[in-house]
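Below, each chain spelled out in residue letters.
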Amino acid sequence: FLKQGKALFDDYRARKDATRADTLAAIETADRNDVVTQWTVGVLLALVGAATLVVALRGRQRLQRHVVAPVDGLLASVRDIGEGKLTPPHPVDGSAELVALRDGLADMTVALRRQREEAAAQAERLQAQTDRLRTILIMAREIAGSLNTRYVIDSTVQAAVAVTDGRVLLWLLEEDGNGLELAYDSDSGPVAPMQTSCNLGVGVVGRSARYGQISRGDPDTGEDPAVAVPLVVGARVIGILECYDAVEGEVEGQRLSAVEMLATLSGSAIEASRLHAATERLSQFDPLTQLANRRRLGADLESAVANAKRHGSPMSVIMLDLDHFKELNDRYGHQQGDVVLQEVASTLRTAMRDGETAYRYGGEEFAILVTRGGPDDAAQLAERLRSRVEADFRRGDKQLVTASF
């Protein structure tokens, strides 16, 4: 039994050792295979990682080129637009969506630039219109308190030049109403009366004056390229503003509206100043003889006396009246007497020299103010005038009128 058990244990031990050896060999083989496998997997993972990195880098570059860079460009364009820099968007080389977005930004930039240009032009037009209205307001303030016709005309023309930026001429209706005379030219200044005239209905100025409407010259017919704006006071044309086109363009639109407003204001001011001048003349001049009257003599005499005292120089006054004038009126009528007074006044007026002024003192009495000369000079003048009156009113052997000095 022991031998048999020993044999069994020896056999068991032998098999155990063999099994252990086989197991150790298998483990060693498995370890070797595992290391190989790990290395193989590691290499494969490294290769996969490297490939993944390459793919990722390429994807990043592609993303940078096709997405990030275009988006950055679009963002830069949006920032520029926000800052008011309406420049074309940065070039975009990306997807169709980003290119479409770039094109939309470009269209928006163009539209904003156009709107800004239009807004700037509108602001410039509004500023120009404001300046024109300010010019008209300043002119209205200046002429409102002035009754000097020359000053009103000068202010009107200067304001019209500021409004139109071109040459301006001002025409006034003649006293008989049959034509117009040039009163002021912005290129040369005031114009002497009756130096340049225009008939009603002839040319751009004449048509505007006849029909009381704005008229524009027709270069095809030889007329000047100007626009004529009437100065209308109560349904009556008293003058014309003739405006020539400026370098910037024709006188139209807001400029023409400003000129019309200017014509309305200046027309009333010119008419008021002319009426005042006429009233002032009537108050200081005799309507029958057109000589200065007694009121004017009082003012001139006061000034002449003060001037003579200041400079210590002599002055004289001559009084004269027509002889037997009452008998002339009774015999020939007062109408003929008025004719005689007018002719005597004309004789005196044409005989006056520098420093000598004739006045109608009243009735058949006249006065001569001599600001340069003493009694002897005045006596010589009186004799000369007496002889002149006798000569002008002698008809053959008959002496019609004489005068005492």
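Residues numbered from 1 in each chain as written. Predicted model: local features only at pLDDT ≥ 70, side-chain atom pairs only at ≥ 80, totals over all residues. Heavy atoms only, no water.

Re the overall build of the protein chain
Phase 1 of the analysis: Looking only at helices and strands, one finds 9 helices and 13 strands in the protein chain.
Phase 2 of the analysis: The 405 residues of the protein chain split such that 32% are buried.
Phase 3 of the analysis: Across the protein chain, every contact between residues at least 6 apart in sequence was considered, and the portion connecting residues at least 24 apart equals 53%.
Phase 4 of the analysis: Approximately 24,800 Å² of the protein chain is accessible, and the part contributed by carbon and sulfur atoms is 55%. (Helix = DSSP H or I, 4+ residues; strand = E, 2+ residues; numbered from the N terminus. Buried < 20%, exposed > 50% of the residue type's maximum accessible area, 1.4 Å probe, protein only. Contact = heavy atoms within 4.5 Å. Areas by Shrake-Rupley, 256 points an atom, 1.4 Å probe, with all protein chains shown as cover.)

Quick word on the packing of helix H7 (residues 325–332) against helix H8 (residues 334–351)
Phase 1 of the analysis: Contact geometry of H7 with H8 gives a least axis separation of 7 Å together with a crossing angle of 135 degrees. Classed by the angle they form, the pair H7 and H8 counts as oblique. Residues Phe325, Leu328, Asn329 and Tyr332 of H7 pack against His334, Gln336, Gly337, Val340 and Leu341 of H8.
Phase 2 of the analysis: Partitioning the contact of H7 with H8 into residue classes produces 5 nonpolar, 4 polar and no charged. (Axes fitted to C-alpha atoms, helices over the stretch in contact; angles between N-to-C directions. Parallel < 35°, antiparallel > 145°, perpendicular 65-115°, else oblique. Nonpolar A, V, L, I, M, F, W, Y, C, P; charged D, E, K, R; others polar.)

Let's talk about the packing of aromatic side chains
Two aromatic rings are characterised by how far apart their centres lie and by the angle between their planes.
Phase 1 of the analysis: According to the stated counting rule, one finds 0 aromatic pairs in the structure shown.
Phase 2 of the analysis: When the ring centre of Tyr244 is taken as reference, the NZ or CZ atom of Arg167 above it lies at 5.3 Å. (Phe/Tyr/Trp six-rings, centres within 6.5 Å; stacked < 30°, edge-to-face > 60°. Lys NZ or Arg CZ within 6 Å of the ring centre and 35° of its normal.)

Observations regarding the layout of surface pockets
Phase 1 of the analysis: Considered as a void within the structure, the largest pocket measures approximately 550 Å³ in volume.
Phase 2 of the analysis: What lines the largest pocket is a set of 21 residues, and nearest its centre among them are Leu172, Leu173, Glu175, Glu181 and Arg274.
Phase 3 of the analysis: Contributions of two or more residues to the lining of the largest pocket are made by helix H3 (149–164), strand S1 (168–173), strand S2 (179–185), strand S7 (236–244) and helix H5 (254–284).
Phase 4 of the analysis: For the lining of the largest pocket, the leading source of residues is H5, giving 5 residues.
Phase 5 of the analysis: Counted by class, the lining of the largest pocket contains 12 nonpolar, 2 polar and 7 charged residues.
Phase 6 of the analysis: Taken as a whole, the second largest pocket encloses approximately 370 Å³ of empty space.
Phase 7 of the analysis: Leu328, Tyr332, Gln399, Leu400 and Val401 are the residues nearest the centre of the second largest pocket, which is lined by 17 residues in total.
Phase 8 of the analysis: Secondary-structure elements contributing two or more residues to the lining of the second largest pocket are H7, H8 and strand S12 (398–399). (1 Å grid on protein atoms, 1.4 Å probe; cavity = no way out; pocket = protein on both sides within 12 Å on 5 of 7 lines; lining within 4 Å. Points joined across faces, edges and corners; volume = space filled by probe spheres on them.)

Some words on helix H6 (residues 294–311)
Helical geometry: 3.6 residues make up each α-helical turn, so side chains three or four residues apart lie on a common side.
Phase 1 of the analysis: For H6, which comprises 18 residues, the first-to-last C-alpha distance of 25 Å matches the rise-based estimate of 26 Å (1.5 Å per residue) to within 8%.
Phase 2 of the analysis: Of the residues making up H6, those classed as buried are Leu297, Ala304 and Ala308. For H6, the buried positions fall inside an angular range of 35 degrees around the axis, keeping them on one side. Seen from the open side of H6, the exposed residues pointing more than 90 degrees away from its buried face are Arg295, Glu302, Lys309 and Arg310.
Phase 3 of the analysis: Where the residues of H6 are buried, they touch strand S9 (356–362) and strand S10 (365–370). (Expected span 1.5 Å × (residues − 1). Arc of directions from axis to C-beta.)

Observations regarding the sheet that holds strand S13 (residues 403–404)
Phase 1 of the analysis: If you trace the 4 strands from one edge of the open sheet to the other, you get S9-S10-S8-S13, paired in antiparallel fashion. The open sheet has two edge strands with one neighbour each: S9 and S13.
Phase 2 of the analysis: As paired strands, S9 and S10 are joined by 6 bridges and run antiparallel to one another. Of the residues in S10, the one forming a bridge with Tyr359 is Ala367.
Phase 3 of the analysis: Sheet strands touched by helix H9 (residues 375–392): strand S8 (316–322), S9, S10 and S13. Its angle to S8, the strand with the most contacts, is close to 25 degrees. (Pairing = 2+ DSSP bridges.)

Concerning the packing of H3 against H5
Phase 1 of the analysis: Axis separation between H3 and H5 bottoms out at 9 Å; the angle between their running directions is 175 degrees. One finds that H3 runs roughly antiparallel with respect to H5. Two secondary-structure elements touch here, H3 through Thr149, Val152, Ile153, Thr156, Ala159, Ala160, Val163 and Thr164 and H5 through Arg255, Ala258, Val259, Leu262, Ser266, Ala269, Ile270, Ser273 and Arg274.
Phase 2 of the analysis: Taken together, the residues of the contact of H3 with H5 break down into 10 nonpolar, 5 polar and 2 charged.

Let's talk about the environment of Ala228
Phase 1 of the analysis: Positionally, Ala228 belongs in strand S6 (residues 226–233).
Phase 2 of the analysis: Ala228 sits 13 residues away from Leu241 along the chain, and the two C-alpha atoms are 5.6 Å apart.
Phase 3 of the analysis: When near neighbours in sequence (up to four residues on either side) are disregarded, Ala228 contacts Val204, Val205, Ser208, Gln213, Ile214, Ser215, Ile240, Leu241 and Glu242.

Topic: the pairing of S10
Phase 1 of the analysis: Where burial is concerned, most of S10 is hidden: 5 out of the 6 residues are buried.
Phase 2 of the analysis: Where S8 lies against S10, 6 bridges are found, and the strand directions are antiparallel. Residue pairing for S10: Met319 is matched across the bridge by Ala367.
Phase 3 of the analysis: If you look at the hairpin formed by S9 and S10, you'll find 2 residues sitting between the two strands, and Gly363 has a positive phi there, around 60 degrees.

Honestly, that's just the spatial picture; any functional story needs more than this.
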